[in-house]
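Survey of secondary and tertiary structure
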Amino acid sequence: MTIPATSCQVSKKHVLLSEILAVTSVMRKNSRWASGAHTLTARDSALARDLGLRRSTPSTDIQKNGRLSQEADLMGGFQQLKRTIWDVDDIEALPLPELIGPFFALIRSPLSNGPITSAALSALHSFFVCNLISATSLSLEPALVELSSTVSHCKFEASDSSGDEVVLLKIMTVIHDCISASSVGAFLGDVEICEMLETVLTTACQMRLSEILRRSAESTMISIVRTIFGRLHTLNPTAEEAKLLLNEEEPQHGEISMSVSANATDAGGSPLQASEGVKSHTQQDAVSLEEPESSAGPEIEGSSQALSPPRPYGLPALLELLRVLVNILDPNDQVHTDSTRLTALGILNAAVETSGTVMGDYSSLSALILDPGCKYLFQLARSDNSSVLQAALRTITTVFQTMRKHLKLQQELYLAFSIDRLAAPPQLKPINSKKNNPTSPRPGTPATGTPILGPVDTELELDKGSPVPSRPPVQPARGDTRDLMLETLSQLCRHPSSMVDLYVNYDCDINCENLFERLIEFLTKGVYPWQYSSASDAQQLHSQYLCLDLLLAFVNDLTARAEGRSEPWPSDFILPDTLMQDKSRKKLVLTGAARFNSKPKIGIAFLEENKLIYSDLSPEVSRTRSLAIFLKSCTRLDKRLLGDYISKPDNLELLKEFLGLFDFKDKPIADAMREMLETFRLPGESQQINRITETFASIYFASGPAEIKTEDAVYVLAYSVIMLNTDLHNPQIRKRMTIEDYQRNLRGVNGGTNFSSEYLQSIYDSIRKREIVMPEEHTGQLGFEYAWKELLARSRQSGPFLMCNSALFDLDMFKTVWKPLISAIAYAFISFDDDYVIQRAISGFRQCATLAGHFHLPDVFDFVVVSLSQATSLLSENLPTQVPNYPVVEVEGQSVTVSSLSVKFGTNFKGQLAAVVLFNIVNGNGNALREGWTQIFEMFQNLFIHSLLPTRMLQMEDFLGGVTMIPLRGGQHSRSAPRSDGGLLSALSSYLMTPYGASSENLVPEATDKEVESTMCTIDCITSCRLDELYAQTIQLDSEALVAAIRALEALAHERTITKWKQESDELTTAFNTSSAGDGTFTLPYDPASVFLLETMVSITCQTSRYIEELWPVLFEHLSALLSASTHYSVLLIERAVVALLRLCLILAQKASYLFLHWPKTLRDQVYVSLDLIAGLPPIVANSVAEQIVAGVSLILQNRDIVSSQTEWNLVFAALRSTTSHPEAARSTFDLVLSFVTDGQSQWMTPDNFNGLITILDEFANSAGQSIMVPQRGRRVPSQPPPNAPPIERGRRAIDILYDMKRFIAPFAESAGLQTSQVWHQYSLPLALSLGKQSTNPSRLVRHTSISQLQRLLLGPRFVYDENDHGQVEEIFNSIIFPLVNELLKPQVQQFDPQGILETRLRASALLCKAFMHFEVRENRTKSDIRILWIEILDLLDRLINAGKTEQLYEAVSESLKNVVLVMNAANILVPPSQEDQRDEHQRTLWTATQARLERFLPGFLTEVIPTPQLQLPPSTPAPESTSTVPVVASSTS
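What counts and how
- Within each chain, residues carry numbers counting from 1 in the order of the written sequence.
- Only residues with pLDDT of 70 or above have their local features reported here, since the model is predicted, and side-chain atom pairs are shown and tallied only from 80 upward, although totals for entire chains, interfaces and linings are computed over all residues.
- As a rule here, side-chain values cover all heavy atoms of the structure and leave hydrogens and water aside.
- Nonpolar core, defined: a set of buried Ala, Val, Leu, Ile, Met, Phe, Trp, Tyr and Cys residues in which side-chain atoms within 4.5 Å join the residues together.
- When accessible area is computed with a 1.4 Å probe and restricted to protein chains, residues below 20% of their type maximum are described as buried, those above 50% as exposed, and intermediate ones as partly exposed.
- Here a helix means four or more residues in a row that DSSP labels H or I, a strand means two or more in a row labelled E, and each is numbered from the N terminus.
- Working rule for contacts: check all heavy atoms of both residues, and any pair within 4.5 Å makes them a contact.
- Whenever a carboxyl oxygen of Asp or Glu lies within 4 Å of a side-chain nitrogen of Lys or Arg, that contact is scored as a salt bridge.
- Note: pLDDT gives the predictor's confidence per residue, expressed from 0 to 100.
- Axis lines are fitted through C-alpha atoms, for helices just across the contact stretch, and the angle between N-to-C directions can take any value from 0 to 180 degrees.
- The labels follow the angle: roughly parallel below 35 degrees, roughly antiparallel above 145, roughly perpendicular from 65 to 115, and oblique for the rest.
- Two helices that cross are described as forming a left-handed crossing if the nearer one is turned anticlockwise from the farther one by less than a right angle, and a right-handed crossing if clockwise.
- In this scheme Phe, Tyr and Trp rings, the latter by its six-membered ring, pair at centre separations within 6.5 Å, and the angle between planes marks the pair as stacked below 30 degrees, edge-to-face above 60, and tilted otherwise.
- Charge-over-ring placement is defined geometrically: NZ (Lys) or CZ (Arg) within 6 Å of the ring centre, and within 35 degrees of the ring normal.
- Take the number of residues in a helix, subtract one, and multiply by 1.5 Å to get its expected span.
- As a working rule, the residues Ala, Val, Leu, Ile, Met, Phe, Trp, Tyr, Cys and Pro are called nonpolar, Asp, Glu, Lys and Arg charged, and the rest polar, with Gly in that last group.
- A residue's bend is given by the angle between axes fitted to the 7 residues ending at it and the 7 residues starting at it.

**Describing the nonpolar core**
Ile936, Met1301 and Phe1373 are the most contacted members of the largest nonpolar core, which totals 394 residues. Broken down by element, the residue count for this core peaks at 15 residues, all from helix 46 (residues 1131–1154). Residues within four places of methionine 1301 in sequence aside, it is in contact with Val1237, Met1245, Phe1250, Leu1253, Ile1254, Leu1257 and Leu1327. Ile613, Leu654, Met676 and Tyr700 belong to the second largest nonpolar core, which has 58 residues in total.

And the structure:
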């Protein structure tokens, strides 16, 4: 500290006189000094000369008692000083050496004892305190030189040890005053500084002194060191280095040197001369300090100026001190103990701390720190002494913090060493008895209990197969040592740019380790527990916390840089792109090296493929040389394998090129062999060794070595070096080879002559002092020395350590380590109970999610979500299909379901934390999520099952009832009240949806207060999660995230439906050894979760219709799978699937109408694929969803552009036809169809939908017939519904619509320009066929209406057919009328309406006869053969008469037949025979056949109607009948 200027308030003269008195008083107390106090000795002959007196020779007694004379001189010095200052008012005008010279003489005198020396030293301390010794003192520099010499050569007689140590303590105080606590320190020279530092340092290291003294000296030393090294901040590094170099060449102020001995004593063995035990080697040439009292003040001042006093101390003194401190640290130096090294470490740490980064600007200082400073420090980091280890680690940390940019490779070595010691798995707790496991596992061997991270990052495992050979193996750290090293590692890596610096300088350097990856790998594994054999639970937990803390600090730094708190990349640094290219190349090199180490041929092929070799070919570089360059430069290769590979016979050229890369010029053969054998390991086979030695001899001899005459001599010498190395250093050889033996063995091999003895002696000494250590044999101290040597060699080529808190590499860093990083954070969150750790882990999760979004890494975000979701306990592997009856209680006016999940989750505080964090992270970041949606929706379905979701998420949309709640149990229906006219199918549907007995309501348990409280905690947590906000945000997702969300929903729904059905049906098949489960008889019970998932994905899709093109395939796959096996699932699920499909089709239809020209036709076609799927539903299923179908199709058809072809219309009507049997749906469908044909805006009749309308109208008529009850046993006559019954009325109206549709035929034919035959086949025939088919409908009203409308159609004027095409006429009869009559004659038809069938047959017979007359007996008919058609008509009339055998039918048929026969006769078709018989063959045949056929059922009928000439009938007879018949026909055709 600096002494305050106001600390002394009295005059300096008073202080000086007081101190003189104090010192002389102590001197007089000693008997020896008391006698000398009264002796006045003429100390100067000047007085005698002045008085003219001769000075006498001293007496013999005085000469003998020189000691007394010396004591008197010392006492006289003080007397003289008093006389000098007595009359001086301002003593500061006197030179300082004159004022304090007597005190110096007394301190230096060996006659002094401890108390006297102590008093003198105290006086000096007082002089500093009162500023008597100050920067303004006269002749300060000589005084300081003398002061330095005095305190460094203090001698006094020993007394008691405690009093003597007080003297030494005061010496420390005076030195501290001089250097640190006053203003005169800046005037000290380098020599003086070294003298005083040597004194203090030796005292601190003197082990025979007391602990308190040594500690005081150490404290003083540290304070002084902080002062003197603080000068580095004010000095000019360039100028100081230049002066240092000049001083080394020509010393100006003596040789500056320090040495320290911890055990130095005086001759008597007393510790008194502890300060002298370290003799200064300073040779002073400025001023003599032996007799300061012999010169007057002015003379001293003048002489000091004339002799150029020492300049203020600077770099030389600091360098010398640093050299001494570093040398003390050498662990191989047995002179110094651990205590001495501990002291030196503390002082060195203080020096480095004070210097800071400035020390790196002084090349001489930094060179000492680089080597051997770091070397010794790293070796001390292996110390078993915990105090030395702690001090060494602290110093290492300080050195790296201040000189990091100069210590790139040193830091690499230390960090690799630390990770090796920390990451190496320690001995596990034995499973068996201890006697089976007496020793610990081999260092570096992975133990079976090593924690395995869930996700494994392949990049982190990239270079496992090719470790850096220069790193020696280490013992794993345990216990306190592990904690200490881990704390140090944490301190080194806590700087914001630490990880970036590691990545840039090491991972992106092809010659360095992937330290960043290794460190993160170690830290992530360190978060998991290891079963130490010697570590307490507290130590293990502390270790885990430290690892987690470093990981979270890394994540925090990444986040800070992502938010903009980063530094720009300096322009003078290597370009970032270049670094990343180096990183990519490094990955390839590591992979290639690993493959080479596995199989060289495969490795070389990989290297060539990736252009790591053979890409530098030129006339100077051949393929072999290119490969040799790579093999020599790659440090990742297995040295044993490399030596074996290059020494094979096939690779002789490669061996020559490999050894040709060495520069053996002017190198001794021992050093050349050492350099060569450090790059690969000699193989074991003698022939391979011979090839290597021969090649070496050739290349080495070509370099022109001195004294070697032939290449063979090199060959022999090389072998001799290998043998000598083995002989001198193999511990199994007892008798070592001497130099004489070595010389004798090499006699005459140098071209017939001998090598000189000096030459062989140099080889012998080189091998003896420094063993040639083969690669992979570097262990212990040899291993460290080899690693350090390689480090120094690499450091000459390595660039500076780049330091920049840049964000340019964060993406690549994060991509490399995110998976194990997040796994470790998740483990910590789940496993640790400390609130601070949990809070940090939560923050880490948030930051990882932020980084995932910032870097656009959805995989990372997914992993965060997966990790957190596992911690929530909201994921359930087996959700129940049948939801239990949970109790419902009223809490604060709201109904609360107390479920098993709500109770369990309410007590899981950590799970609640995870849930809140998870959903807060996902909220607003949905676009970053991909696979993680599966966990989100899995939690949703779990919450849904337990009634914990917000109401908004429990709803399902309906075409009919609007928005309703999804029922949790099958007994609940989606609509509040069933329709009253549902009939049997509705009752069946309701039954199917209620698979559980009502008695289950009685099994609801009572909820306890504790369970209700836990449930309320759960509800509060779910509210904090803001699930409804997340659900609302899904509609704002981007395409990719939205598709991922829908795929997640579909996967969960698929698992609960299709997959589950297959599993359970297979189980049933296996259990009962039958295939009945797979034939459609097995049905899954109602599963509310499957409905929830379906509704959720459809709702999201409908609200994001802009992405329907991407979402459609996912949804349709699921819906089609459900509907294709609709009988296997519950009715409600299938209903929701149909509604979902139609809602999606509606979106497609709307898009198709809005973007008609730009909409993909494939998606438009999907509407009809869906309708076809719906149309194919089984009738029982279709009936249950009929209302939904018709409502959906109606909405789809509002987009008229969606239907544009007959095929599409057919699919529409096919879907609608499935609804006609449902009472309510049929009404809606009929109204829809009616709107198509009714005039007005809604009319939608096209040629494409004409036949489709016929089909669906035909279906309505069929439905009317299906409403007729088949007669059962006990009921003789079936009942006919009233005409106003809805099915009957719709059937009747359908027939009327069919007939009315004939008015569209002509316009359609005209607009399309169709031929008559085309019109017939496309329009007329289908219409007539439908009416003909319905003419046999079980419903009487429909049947009669159909016959009437058919007759009107066929006989009406607008019926379009080709009159010239008799085939069409035959088709009318064969396809329409004949089948109609045949059907009416069937008994089963009669069963539906026995009472009305007679009238129907009457109408059918009339239609048959009228149609024949209309089409075949008209005047302009074509000449065609109608005999077959006529005979078939007669057959049908025969069957009609005989079917009912009623008089009414007999008369009606007879009357109709009579009209036909008369008309045929009038038309000259049916002509009776005559006498001339002018009939043609056709007429004769027709008459004969008719007569024969009629005779069967109407005998005499033909002759009665058309008399033959043989009957001689009056001519007037036929006339009235003819005239009476024609009007009948005419009236019928009109």
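**What to know about the pattern of salt bridges**
This structure, assessed with the given rule, holds 48 salt bridges. Linking glutamate 513 and arginine 518 is a salt bridge whose minimum nitrogen-to-oxygen distance equals 3.1 Å. You'll find glutamate 513 and arginine 518 in the same group, each marked buried. Residue lysine 525 is joined to glutamate 521 by a salt bridge in which the shortest nitrogen-to-oxygen separation is 3.4 Å. Of this pair, lysine 525 and glutamate 521 are both found in helix 21 (residues 515–526), 4 residues apart, which corresponds to roughly one turn of the helix.

**Concerning the confidence of the model for the protein chain**
Averaged over every residue, the pLDDT of the protein chain is 80; the share at 70 or more is 82%. Considering only residues more than four positions removed or in separate chains, one finds that residues 1–6, a stretch of pLDDT under 50, has 11 contacts. In this model, residues 972–1001 is a region of pLDDT below 50 whose contacts with residues beyond four sequence positions or in other chains number 33 contacts.

**Concerning the packing of helix 44 (residues 1088–1103) against helix 45 (residues 1108–1124)**
At a minimum axis separation of 11 Å, helix 44 and helix 45 run at an interaxial angle of 160 degrees. Considering their axes alone, helix 44 and helix 45 lie roughly antiparallel with respect to each other. Seen from above, helix 44 lies across helix 45 with left-handed handedness. Here helix 44 contributes Leu1094, Met1097, Val1098 and Thr1101 to the contact with helix 45, which in turn contributes Ile1108, Leu1111, Leu1115, His1118 and Leu1119.

**Some thoughts on the packing of aromatic side chains**
For the structure on display, the rule yields 51 aromatic pairs. Plain terms: the ring middles of tyrosine 715 and tyrosine 719 are 5.3 Å apart, the flat faces sit at 75 degrees to each other, and that makes the pair edge-to-face. Linking tyrosine 715 with tyrosine 719, this pair stays in helix 30 (residues 711–729), spanning 4 residues, or about one helical turn. Note on tyrosine 715: relative accessible area 22%, which makes it partly exposed. Measuring from centroid to centroid gives 4.7 Å for tryptophan 1209 and tryptophan 1244, while their planes differ by 75 degrees, and the two rings are edge-to-face. A residue pair is termed long-range when its members are at least 10 positions apart, and tryptophan 1209 in helix 50 (residues 1206–1217) and tryptophan 1244 in the loop between helix 51 (1223–1237) and helix 52 (1250–1266) qualify at 35 residues. Grouping residues by exposure puts tryptophan 1209 and tryptophan 1244 together as buried. Here arginine 231 stacks its cationic end above the ring of tyrosine 313, 4.7 Å away from the centre of that ring.

**Some remarks on helix 53 (residues 1286–1300)**
An ideal rise of 1.5 Å per residue puts 21 Å on 15 residues; helix 53 measures up with 21 Å between its terminal C-alpha atoms. All of the buried residues along helix 53 are Ile1288, Arg1290, Gly1291, Ala1294, Ile1295, Ile1297, Leu1298 and Tyr1299.

**As for the packing of helix 28 (residues 669–677) against helix 29 (residues 686–702)**
Axis separation between helix 28 and helix 29 bottoms out at 12 Å; the angle between their running directions is 130 degrees. What the angle tells us is that helix 28 and helix 29 run oblique. Crossing angle aside, the handedness with which helix 28 passes helix 29 is right-handed. Seen from helix 28, the contacting residues are Ile669, Ala672, Met673 and Met676; seen from helix 29, they are Ile692, Phe696 and Tyr700. Along the lines of polarity and charge, the residues of the contact of helix 28 with helix 29 split into 7 nonpolar, no polar and no charged.

**Some words on helix 55 (residues 1316–1334)**
With 19 residues, helix 55 extends 25 Å between its outermost C-alpha atoms, agreeing within 8% with the 27 Å of an ideal straight helix rising 1.5 Å per residue. Along helix 55, the sharpest kink reaches roughly 40 degrees, centred on serine 1324 and followed within four residues by the proline proline 1326. Those residues of helix 55 lying buried are Val1319, Trp1320, Tyr1323, Ser1324, Leu1325, Pro1326, Leu1327, Ala1328, Ser1330, Leu1331, Gly1332 and Gln1334. Summarising the contacts, the buried residues of helix 55 are in contact with helix 52, helix 53, helix 54 (1305–1312), helix 56 (1340–1355) and helix 57 (1366–1384).

**Looking at the environment of leucine 851**
Along the polypeptide, leucine 851 turns up in helix 35 (residues 835–855). What makes leucine 851 buried here is its relative accessible area of 0%. Setting aside chain neighbours within four positions, we find leucine 851 in contact with Val555, Leu558, Thr559, Ala562 and Phe814.

**Focus on unusual backbone geometry**
Along the chain, aspartate 371 connects to proline 372 via a cis peptide bond; the corresponding omega equals 15 degrees. Mapped onto the elements of the fold, proline 372 is located in helix 16 (residues 363–380). The residue asparagine 131 is not glycine, and still its phi comes out positive at about 65 degrees. When you line up the elements, asparagine 131 lands in the loop between helix 7 (114–129) and helix 8 (140–152). Although it is not a glycine, histidine 856 sits at a positive phi angle of roughly 60 degrees. Overall, the relative accessible area of 67% leaves histidine 856 in the exposed class.

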